Amino acid sequence: MPSPVRPGLPVTPALTIPRAELTERFSRSSGPGGQGVNTTDSRVELSWDVGRSAVLSDTQRQRVTDRLAERLVDGVLTVVASEHREQRRNRDAAARRMAALVADALAPAPRTRRATRATRGSQERRLTAKKQRSATKRLRSSKPRRED
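Rules and cut-offs
Residues numbered from 1 in each chain as written. Predicted model: local features only at pLDDT ≥ 70, side-chain atom pairs only at ≥ 80, totals over all residues. Heavy atoms only, no water. Helix = DSSP H or I, 4+ residues; strand = E, 2+ residues; numbered from the N terminus. Buried < 20%, exposed > 50% of the residue type's maximum accessible area, 1.4 Å probe, protein only. Contact = heavy atoms within 4.5 Å. Areas by Shrake-Rupley, 256 points an atom, 1.4 Å probe, with all protein chains shown as cover. Polar contact = N/O pair within 3.5 Å; in protein donor to acceptor, adjacent residues only side chain to side chain. Pairing = 2+ DSSP bridges.

(A) Structural context of the overall build of the chain. When helices and strands are tallied, the chain shows 3 helices and 6 strands. Relative to its full complement of 148 residues, the chain shows a buried share of 25%. Residue pairs in contact within the chain that sit at least 24 positions apart in sequence constitute 55% of those at least 6 positions apart. Counting every atom, the chain has about 11100 Å² of accessible surface; 49% of that belongs to carbon and sulfur.

(B) Examining the environment of phenylalanine 26 more closely. Mapped onto the elements, phenylalanine 26 comes out in strand S3 (residues 22–27). In this structure the C-alpha to C-alpha distance between phenylalanine 26 and arginine 43, which are 17 residues apart in sequence, comes to 5.5 Å.

(C) Here's a closer look at the side chain of serine 47. You can see serine 47 is positioned in strand S4 (residues 43–49). You can call serine 47 buried: its relative accessible area is 17%. Within polar-contact distance, the side chain of serine 47 engages the side chain of threonine 78 at 3.2 Å. Apart from residues lying up to four places away in sequence, serine 47 is in contact with Glu21, Leu22, Thr23, Val76, Leu77, Thr78 and Met98.

(D) The pairing of strand S6 (residues 76–81), seen in detail. Of the two faces of S6, the one holding Leu77, Val79 and Ala81 is buried and the one holding Val76, Thr78 and Val80 is not buried anywhere. Strand direction decides the pairing type here: S4 and S6, joined by 6 bridges, are antiparallel. Paired with aspartate 49 across the two strands is valine 76, which belongs to S6. By the bridge criterion, 2 bridges tie strand S5 (residues 72–73) to S6 in an arrangement that is antiparallel. Within S6, the position partnered with valine 73 by the bridge is valine 76. With antiparallel pairing between neighbouring strands as the criterion, S5 and S6 make up a hairpin whose turn holds 2 residues, including aspartate 74 at a positive phi of roughly 55°.

Below, the structure is given as structure tokens:
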């Protein structure tokens, strides 16, 4: 997952979280593992203190804290992975999840939608199609209707 050239967690091409700012905690997982589930610490908690991070600019820090406010506890973002039997795979899964969360939080907001009106031609086509459908259903009915 992390490259040997750039030690840390790559989030975007311009942003890499240094390994020194990441904290990993291991515990017993409740997931798959058979008899070994009671003896191996395969569950991984990966934490990153957004408020104290040196790699974020003030604008980036504000954007991340605003968009991930529900996930932050005292400015710390924590991601848990326990779906795999091996600690290494859970570490990789937690790192991928953390990178995706931060990348989504740093992405610019989508453009606001401008309301548009349907064109006159599209309105006429829609009404013509409705009239044709109505006529088809009228022909299928069991009792004949009087034409107005």
